[in-house]
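Summary of structural features
Below, each chain spelled out in residue letters.
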Amino acid sequence: MATAALAQTWARKLLPVPWLLCGPRRYASSSFKVADLQLEMTQKPHKKPDPNETLVFGKTFTDHMLMVEWTEKKGWSHPRIQPFQNLMLHPACSALHYSLQLFEGMKAFKGGDRQVRLFRPWLNMDRMLRSALRLCLPSFDKVELLECIRRLVDLDKDWVPDSAGASLYVRPVLLGNESSLGVSSSTRALLFVILCPVGSYFPGDAMSPVSLLADPTFVRAWVGGVGDCKLGGNYGPTVFVQQEAKRKGCEQVLWLYGPDHQLTEVGTMNIFIYWTHEDGVLELVTPPLDGIILPGVVRQSLLDLAQTWGEFRVVERKITMKEVTRALEEGRVREVFGSGTACQVCPVNRILYQGKNLHIPTMENGPELILRFQKELKAIQYGTKAHEWMLQV
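Here's a quick rundown of the structure. (Residues numbered from 1 in each chain as written. Predicted model: local features only at pLDDT ≥ 70, side-chain atom pairs only at ≥ 80, totals over all residues. Heavy atoms only, no water.)

What follows concerns the overall build of the protein. In terms of helices and strands, the protein carries 8 helices and 19 strands. Here the protein has a C-alpha radius of gyration of 21 Å; the compact-globule value for 393 residues is 21 Å, and the two agree. Counting only C-alpha atoms and orienting by the principal axes, one finds that the protein spans roughly 65 × 50 × 40 Å. In the protein, which comprises 393 residues, the proportion classed as buried is 55%. Within the protein, residue pairs in contact and separated by at least 24 positions form 74% of the contacts whose partners lie at least 6 positions apart. (Helix = DSSP H or I, 4+ residues; strand = E, 2+ residues; numbered from the N terminus. Rg over C-alpha atoms; globule rule 2.2 N^0.38 Å. Buried < 20%, exposed > 50% of the residue type's maximum accessible area, 1.4 Å probe, protein only. Contact = heavy atoms within 4.5 Å.)

So, in structure tokens, the structure goes:
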């Protein structure tokens, strides 16, 4: 009944996903149902982190996980919440050999009223389904999966940190589990969700800017590829470039694309520039969702907030390094920043491009807009102000 009651509320938040040509609609079979959710409580609960303990991202996990199997013959199994445990995979598992694997990342926050809320999880469900169809992995009902996740978070809600800036990171994963070395669509799949408490990206009130290596030699994604999907295969190859950035004294990578060196993403974040455009109008600009850019949830949230304010032009448009260098020379750049689930909003103060260090005056300008975004997001996420973006657990 709970799922049915919430479905109407969620329906307008969940976007339709077009079918891709992954075969004769074999994925249109019924999804797993939260009504069939099975629960196995852990008999060996783990010790929760001390409130004063520094939480390293992705190192600490809660007591339970969600698990659902799928086969082409039988469809989805009953979903189950079970004690956190290792997976059993065949050595020829297609996810291990051919990267038939995708994931999501979202957060749950504990407010001053002690209520736990998920931040815009509908957008994550939309993106996860699009990624699944792109890999010819089985479809699922987004509302049913979200309710299963909500119940998992509710079960382990005592793991949500109380400290300022901390949250519970939610990691859904869907992988092909075909026990064959053939390169083909998978007839078996595994969906699971794990949770981990994470600390603030910026300890205390400090906000540390990052420097970027912009080297067109390296490309993250391309037209016709899968840059707009959250696939594990998009992330592994970036580790080498990240190490190259560190070797050259930079913290992150500014991914460029094309002969005109278009800005696409920053590390694993979307990128924004707050500047006075060549036409003299103050604007916030970010690259468009043209198949290369991952449609970030925080990215969309910043665009929505800025458009609501109506104080400057908000636009999605291609940006080139030529435009950026000219704007810097003319003193028109105010702030450059990345956005993502981990950091929310992260300032940029330097770009190493073609052997030159370009100073970005982000911090000299407050950073006024970044701090405003951070304050607004925190108020929404921690329940200081009621907002339709939050789903109460």
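Right, picking up where we left off after that structure.
At a minimum axis distance of 11 Å, the contact between helix 6 (residues 297–309) and helix 8 (residues 368–381) shows a crossing angle of 105°. Considering the angle they form, helix 6 stands roughly perpendicular to helix 8. Note on element contacts: helix 8 touches helix 6 through Leu-369, Arg-372, Phe-373, Glu-376, Leu-377 and Ile-380, opposite Val-298, Ser-301, Leu-302, Leu-305, Ala-306 and Trp-309. Along the lines of polarity and charge, the residues of the contact of helix 6 with helix 8 split into 9 nonpolar, 1 polar and 2 charged. (Axes fitted to C-alpha atoms, helices over the stretch in contact; angles between N-to-C directions. Parallel < 35°, antiparallel > 145°, perpendicular 65-115°, else oblique. Nonpolar A, V, L, I, M, F, W, Y, C, P; charged D, E, K, R; others polar.)

Inspection of every chain in the model, using the stated rule, returns 21 salt bridges. For the salt bridge of Arg-150 with Glu-147, the shortest nitrogen-to-oxygen distance reads 2.8 Å. Of this pair, Arg-150 and Glu-147 both sit in helix 4 (residues 142–155), separated by 3 residues, roughly a single helical turn. Glu-147 shares its class with Arg-150; the two are buried. Linking Glu-330 and Arg-332 is a salt bridge whose minimum nitrogen-to-oxygen distance equals 2.7 Å. By relative accessible area, which is 12% here, Arg-332 ends up buried. The network of salt bridges with shared partners includes Asp-279, Glu-283, Arg-313 and Arg-317. (Salt bridge = Lys/Arg side-chain N within 4 Å of Asp/Glu carboxyl O.)

This brings us to the packing of aromatic side chains. Overall, the coordinates contain 11 aromatic pairs when judged by the stated rule. Both rings, one in Phe-32 and one in Trp-76, keep their centres 5.1 Å apart while their planes meet at 80°; by these two values the pair is edge-to-face. Of the two residues, Phe-32 is situated in the loop between helix 1 (2–11) and strand 1 (38–39) and Trp-76 in strand 3 (residues 75–76); the sequence distance between them amounts to 44 residues. Residue classification places Trp-76 among the buried positions, given a relative accessible area of 11%. Every member of this aromatic cluster is reached through a ring pair, and the members are Phe-272, Trp-309, Phe-337 and Phe-373. One Lys or Arg, Arg-372, reaches over the ring of Trp-309 and ends 3.7 Å from the middle of that ring. (Phe/Tyr/Trp six-rings, centres within 6.5 Å; stacked < 30°, edge-to-face > 60°. Lys NZ or Arg CZ within 6 Å of the ring centre and 35° of its normal.)

A separate point is the packing of helix 3 (residues 121–134) against helix 4. For the pair helix 3 and helix 4, the least separation of the axes is 10 Å and the interaxial angle reads 125°. In terms of their interaxial angle, helix 3 and helix 4 are classed as oblique. As helix 3 packs across helix 4, the resulting crossing turns out to be right-handed. Here Pro-121, Trp-122, Met-125, Asp-126, Met-128 and Leu-129 of helix 3 lie close against helix 4, whose contacting residues are Lys-142, Leu-145, Leu-146 and Ile-149. (Left-handed = near helix turned anticlockwise from the far one by under 90°.)

Attention now moves to the pairing of strand 4 (residues 80–83). Direction of pairing for strand 1 relative to strand 4: parallel, over a ladder of 2 bridges. Residue Leu-39 lies in a different strand from strand 4, and its bridge partner there is Ile-81. Judged from the 4 bridges that link them, strand 2 (residues 64–71) and strand 4 form a sheet pairing that is antiparallel. Pairing of Met-67 across the sheet is with Arg-80, part of strand 4. (Pairing = 2+ DSSP bridges.)

In this section: empty space enclosed by the protein. According to the stated counting rule, one finds 3 cavities of 30 Å³ or more in the structure shown. Estimates place the volume of the largest cavity at around 60 Å³. Along the walls of the largest cavity sit Gly-105, Met-106, Lys-107, Phe-109, Phe-119, Asn-124, Val-297, Val-298, Thr-341, Gln-344 and Gln-381, which together make up its complete lining. Listing elements by their share of the lining of the largest cavity, those giving two or more residues are strand 6 (106–110) and helix 6. Ranked by residue count, the leading element in the lining of the largest cavity is strand 6, at 3 residues. Residue composition of the lining of the largest cavity, grouped by class: 5 nonpolar, 5 polar and 1 charged. (1 Å grid on protein atoms, 1.4 Å probe; cavity = no way out; pocket = protein on both sides within 12 Å on 5 of 7 lines; lining within 4 Å. Points joined across faces, edges and corners; volume = space filled by probe spheres on them.)

Another aspect to go through is the environment of Gln-344. Tracing the backbone through its elements, the reader meets Gln-344 in strand 17 (residues 344–353). With relative accessibility at 9%, the residue Gln-344 sits in the buried group. As a C-alpha pair, Gln-344 and Leu-190 span 154 residues in sequence and 30 Å in three-dimensional space. Apart from the residues within four sequence positions on either side, Gln-344 is in contact with Lys-107, Val-298, Gly-338, Ser-339, Gln-374, Leu-377 and Gln-381. Here the side chain of Gln-344 touches Thr-341 through a polar contact of 3.0 Å, landing on its backbone oxygen. (Polar contact = N/O pair within 3.5 Å; in protein donor to acceptor, adjacent residues only side chain to side chain.)

What follows concerns the nonpolar core. Core analysis: the largest hydrophobic core is formed by 41 residues, its most contacted members being Phe-140, Leu-145, Ile-149, Val-153, Leu-174 and Leu-191. At the level of secondary structure, the elements contributing two or more residues to this core comprise strand 2, strand 6, strand 7 (116–119), helix 3, helix 4, strand 8 (167–176) and strand 9 (188–198). The residues touching Leu-174, leaving out its near neighbours within four places in the chain, are Trp-76, Leu-100, Gln-101, Leu-102, Met-128, Ala-132, Leu-137, Pro-138, Phe-140, Ala-189, Leu-190 and Leu-191. (Core = buried A, V, L, I, M, F, W, Y, C linked by side-chain atoms within 4.5 Å.)

In this section: the state of the cysteines. Considering all chains together, one arrives at 0 disulfides under this definition. Between Cys-250, a cysteine without a disulfide, and Cys-346, which holds the nearest cysteine sulfur, the sulfur-to-sulfur distance is 13 Å. (Disulfide = S-S within 2.5 Å.)

Within the secondary structure layout, His-261 lies in the loop between strand 11 (252–257) and strand 12 (262–266). Setting aside its immediate chain neighbours within four residues, His-261 contacts Pro-216, Leu-256, Ile-319, Thr-320, Met-321, Tyr-353 and Gln-354.

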